[in-house]
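Report on the structure
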Amino acid sequence: MPREIVDRAEMPKQSPEERRSNFREVALGLDPELAVREAKRCIQCKTRPCTKGCPVEVEIPEFIALMAQGKFQEADAKIKEKNSLPAICGRVCPQESQCESLCTLGKKFEPVAVGALERFAADWTREHNPESGCEKASSDGSARSLCAAADGVKRPSARIAVIGSGPAGLTCAAELALMGYEVDIYESLHETGGVLRYGIPEFRLPKAIVNQEVDYVRSLGVRIFTNVLVGTTLDLNEMLDKGEYQAAFVGTGAGLPYFLEIPGENLNGVYSANEFLTRVNLMKAYRFPEYDTPVKIGKRVVVVGAGNVAMDAARTSLRLGAEDVKIVYRRSRTEMPARLEEIENAEEEGVQMFLLTNPVRIISDGKGGVGAMECIKMELGEPDASGRRRPVPVPGSEFTMDVDTVIIAVGQGPNPLLARATQGLALNRKGNIEVRDEYGATSIPGVWAGGDIVTGAATVISAMGAGKRAARGIDIWLRSQS
Amino acid sequence: MFRIMEKRLLAPAVHQLVVEAPLVARRARPGNFVIVRTNENGERIPLTIADYDPEKGTVMLVVQEVGKSTMDIGMMEAGNSFTDVAGPLGQATPIKKVGTVVGVAGGIGVAPLLPQIKLHKEIGNHVITIVGARTRDLLILKDETEQASHEVIFATDDGTFGYHGFVTGALEELIKQGRQIDEVTAIGPVRMMQATCNLTRKYNIPTIVSLNAVMVDGTGMCGCCRVTVGGETKFSCVDGPDFDGHKVDFDELASRQAFFRDEENLARELAEQKRGGCRCHEK
């Protein structure tokens with residue numbers, strides 16, 4: 001008898017009217033009953049295609065089976081065998097194009113809500129048993145209590161420097177710590193988390209969650225030093241040559257904002273999405289003057305670009321009090337790089353989409369600020385190098401829209417600080433670090449790299465996957481050296 | 001970490017701080033800056049390094065109270081610590097043997113100028129320094145300037161000390177005396193650097209300026225500090241802060257510096273209320 005398939009659990013959300021004026025998390029999470037019901041939808045198929053869609057190889061059917069029995073903490077532990085940051089991944093991974101897109105159930109019905117379940121397991125465990133690290137880190141970091149190698153393998157003693165505390169660095173550090181190595185993370189900003197902290201807004205990824213995941217990594221014995229820019233404060237080659245560290249991982253991210261290079265871009269009121277989001281997320285400008293860093297938002301806002309960062313900037317603008325927020329994007333809806341969920345969230349909140357539209361210039365208000373933006377209509381031509389149809393301007397279709405604030409969210413390049421100061425580190429044409437194998441080995445022996453600094457701006461989970469592979473590469477190398 | 005070892009009042013509302021930051025001190029070069037925060041709710045404040053001592057592991061900063069965050073620094077005492085000090089940031093100033101160099105400083109600009117002229121003198125350039133201030137009491141670091149230079153001209157707008165007039169007036173007199181000047185380095189308020197560049201452009205003297213654009217992270221991540229130099233957009237934090245002054249769009253810089261003026265005023269007023277008035281007149 002065919003089993004009955006219940007509907008996929010919908011995660012409750014704050015209503016659009018309510019959430020567009022607060023910074024609290026939009027998606028509220030499942031309750032235990034709903035989580036168990038959803039876990040039971042998984043048919044535990046033998047082929048396990050979902051696992052192939054996971055860049056960090058989470059054993060999805062196994063953790064879901066534990067969830068179905070109500071064993072939430074065990075499920076969390078199962079996930080953490082492969083993924084050190086489940087509460088983050090459960091929130092920001094594009095599951096619809098990874099695990100869930102391959103789900104067997106999804107061929108006929110809606111796929112199992114893997115992301116929602118992962119998030120629930122992590123949140124439930126944190127709320128009910130906050131000390132789930134293998135051992136609590138010593139508070140001064142001097143005599144750290146290391147984990148015994150979780151897999152029982154005997155390894156040489158070695159210290160590894162991880163540069164950057166974003167998703168790639170945190171994952172690499174956690175993996176290495178679990179193998180029993182000593183790991184120090186160096187972070188250039190005053191806070192940990194990289195893009196999880198400065199880029200992704202509170203309403204999508206609460207910073208309390210980031211803190212707790214970072215604390216988990218610390219609990220594995222990893223030390224984190226903030227305010228250290230490797231490349232300027234310290235020299236990577238020197239750290240290795242002096243024997244302080246036997247290996248290093250570079251995960252410095254895509255921190256250099258691109259601009260459009262059109263007239264008027266340096267007017268007051270034009271922000272890069274990075275600046276706008278850093279002010280709000282890292283510096284908490286939405287709570288100015290309680291926090292010292294200000295942010296200024298006009299009534300009418302245009303965000304240029306259509307990726308997740310653009311959606312974050314548009315939705316943040318609404319929450320800061322903007323009345324009219326438009327996304328301007330030169331291609332069509334199908335090519336929008338943002339997750340569908342984020343586009344829907346933005347539209348529900350009132351963000352308007354101006355598609356097949358490209359900015360030509362930003363026009364001054366006569367007082368040094370933004371007054372208007374001239375755009376041109378586009379149409380799609382032949383496919384370009386990215387495989388997407390190339391947008392071409394429609395002659396004579398220029399028009400002007402009044403606007404007070406323009407936010408440029410058209411991507412980021414690699415931050416040049418470390419690369420430019422590190423002798424012998426090979427880069428590609430775009431300034432990304434060149435890697436020589438699947439593990440991310442660079443041109444400097446003993447140095448691995450991964451995440452956006454290698455690939456250009458991508459997703460949190462792909463950076464985590466790279467951090468994990470690099471940890472494996474470092475382990476193989478260190479063992480071959482001893 | 002980041003403890004204030006010494007603090008000294010140089011002029012009303014102008015403070016000199018020696019701060020423990022060994023990693024920064026070890027690699028600092030003239031022209032570099034640091035980003036500091038005074039507390040967990042604080043801004044990231046860019047400050048040019050005025051001196052550094054790798055042996056003692058300290059950097060010297062000179063801060064003028066102009067807004068809430070610099071007032072917070074003014075309230076700190078020796079023994080207190082900054083929450084964060086990150087650096088050294090920015091490109092070091094290119095300092096080459098050219099002959100005669102004139103350092104031109106306005107207000108507290110003399111502090112970041114000092115390490116540059118020291119190095120100029122060290123490598124064999126003849127150093128003339130012109131330091132301007134509104135009035136006698138606002139001239140700071142006089143002895144240090146004299147030590148670091150071969151010749152010094154002090155200038156005050158009101159004539160209470162030295163040359164009566166602006167630094168540009170004093171510089172133009174030098175030029176008109178027929179002194180050979182191979183390079184000018186100007187550090188100070190935007191309009192002072194602009195006026196200096198307008199003058200040196202006329203006489204074809206290469207001029208380096210150190211720009212104080214608004215920054216957030218100071219590491220190239222946000223682009224807030226972008227300036228137009230020779231028609232191209234540059235980030236002052238990673239491409240600068242020093243640029244060829246003849247190519248800088250100073251009007252744009254001045255306008256961008258004023259973008260958050262309302263918010264800055266509000267924050268300052270709230271801080272002043274809380275503290276019962278400003279401290280500008282304390283000695």
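Residues numbered from 1 in each chain as written. Chains lettered and ligands numbered in written order. Predicted model: local features only at pLDDT ≥ 70, side-chain atom pairs only at ≥ 80, totals over all residues. Heavy atoms only, no water.

**Quick look at the state of the cysteines**
All names here are of chain A. Within this structure, the stated rule accounts for 0 disulfides over all chains. With no disulfide partner, Cys-45 has as its closest neighbouring cysteine sulfur the one in Cys-50, 6.3 Å distant. The exposure class of Cys-45 is partly exposed, given its relative accessible area of 23%. Cys-54 forms no disulfide, and the closest cysteine sulfur to it belongs to Cys-99, at a distance of 6.5 Å. (Disulfide = S-S within 2.5 Å. Buried < 20%, exposed > 50% of the residue type's maximum accessible area, 1.4 Å probe, protein only.)

**Points about the pattern of salt bridges**
For the coordinates displayed, the defined rule picks out 53 salt bridges over all chains. Here Arg37(B) and Glu40(B) are joined by a salt bridge, their closest N and O atoms 3.2 Å apart. Accessibility expressed as a relative area gives 53% for Glu40(B), which makes it exposed. Linked by salt bridges that have partners in common, Arg19(A), Arg204(A), Asp312(A), Arg315(A), Arg319(A), Glu342(A), Glu348(A) and Glu349(A) make up one network. (Salt bridge = Lys/Arg side-chain N within 4 Å of Asp/Glu carboxyl O.)

**With respect to the sheet that holds strand β7 (residues 84-89) of chain B**
Residue and element names in this part refer to chain B. With respect to topology, 3 strands assemble into an open sheet ordered β4-β3-β7, the strand pairing being antiparallel. If you trace the sheet from one side to the other, it starts and ends with β4 (45-48) and β7, each paired once. Between one strand axis and the next, the sheet turns through 25 degrees on average, direction left out of account. Relative to β4, strand β3 (residues 33-37) is paired through 4 bridges, and the arrangement is antiparallel. Across the sheet, the residue bridging to Val-34 is Leu-47, located in β4. (Pairing = 2+ DSSP bridges. Helix = DSSP H or I, 4+ residues; strand = E, 2+ residues; numbered from the N terminus. Axes fitted to C-alpha atoms, helices over the stretch in contact; angles between N-to-C directions.)

**Considerations on the side chain of Asp72(B)**
Inspection of the secondary structure puts Asp72(B) in helix α2 (residues 68-75). A relative accessible area of 11% means that Asp72(B) is categorised as buried. Among all residues touching Asp72(B), those that are not within four sequence positions of it are Asp292(A), Thr38(B), Asn39(B) and Arg275(B). (Contact = heavy atoms within 4.5 Å.)

**Points about the nonpolar core**
Formed by 73 residues in total, the largest nonpolar core has its most connected members in Ile60(A), Phe63(A), Ile64(A), Met67(A), Leu117(A), Leu176(A) and Ile474(A). Leaving out residues up to four positions away in the same chain, Ile60(A) has contacts with Cys50(A), Thr51(A), Cys54(A), Cys99(A) and Val114(A). Residues Phe259(A), Val403(A), Val406(A) and Ala254(B) belong to the second largest nonpolar core, which totals 54 residues. (Core = buried A, V, L, I, M, F, W, Y, C linked by side-chain atoms within 4.5 Å.)

**As for the packing of aromatic side chains**
In total, this model carries 12 aromatic pairs over all chains according to the counting rule given. Joined through ring pairs, the aromatic side chains of Tyr271(A), Phe276(A), Phe259(B) and Phe260(B) make up one cluster. Lying across the ring of Tyr216(A), Lys80(A) places its NZ or CZ 4.8 Å from the centre. (Phe/Tyr/Trp six-rings, centres within 6.5 Å; stacked < 30°, edge-to-face > 60°. Lys NZ or Arg CZ within 6 Å of the ring centre and 35° of its normal.)

**Here's the deal with the side chain of Gln95(A)**
All names here are of chain A. Within the secondary structure, Gln-95 sits in the loop between α6 (86-92) and α7 (99-102). Gln-95 sits in the buried class, given a relative accessible area of 7%. Among the polar contacts made by the side chain of Gln-95, one reaches the main-chain carbonyl oxygen of Cys-89 at a distance of 3.1 Å. If near-sequence neighbours (up to four positions away) are discounted, Gln-95 is found in contact with Cys-89, Gly-90, Glu-100, Ser-101, Gly-115, Glu-118 and Arg-339. (Polar contact = N/O pair within 3.5 Å; in protein donor to acceptor, adjacent residues only side chain to side chain.)

**Some words on the pairing of strand β10 (residues 357-364) of chain A**
Residue and element names in this part refer to chain A. In this structure, β10 lies alongside strand β11 (residues 370-383), joined through 7 bridges in antiparallel fashion. What sits directly across from Arg-361, in β11, is Glu-374. Between β10 and β11, which pair antiparallel one after the other, the connecting turn spans 5 residues, and Gly-366 there sits at a positive phi close to 85 degrees.

**Brief notes about the interface of chain A and chain B**
On the chain B side, the residues contacting the 43 residues of chain A number 47 residues. Of the roughly 3,800 Å² buried between chain A and chain B on both sides combined, carbon and sulfur atoms contribute 53%. Run the count over chain A and chain B and you get 3 salt bridges. The partner of Arg26(B) in a salt bridge is Glu238(A), with the nearest N and O atoms 3.1 Å apart. Counting across the chain A and chain B interface gives 22 residue pairs in polar contact (both at pLDDT 80 or more). Elements supplying a minimum of two residues to the side of chain A that touches chain B: β5 (256-257), β6 (270-272), α13 (273-282) and α16 (416-421) of chain A. (Buried area = accessible area lost by both parts, 1.4 Å probe.)

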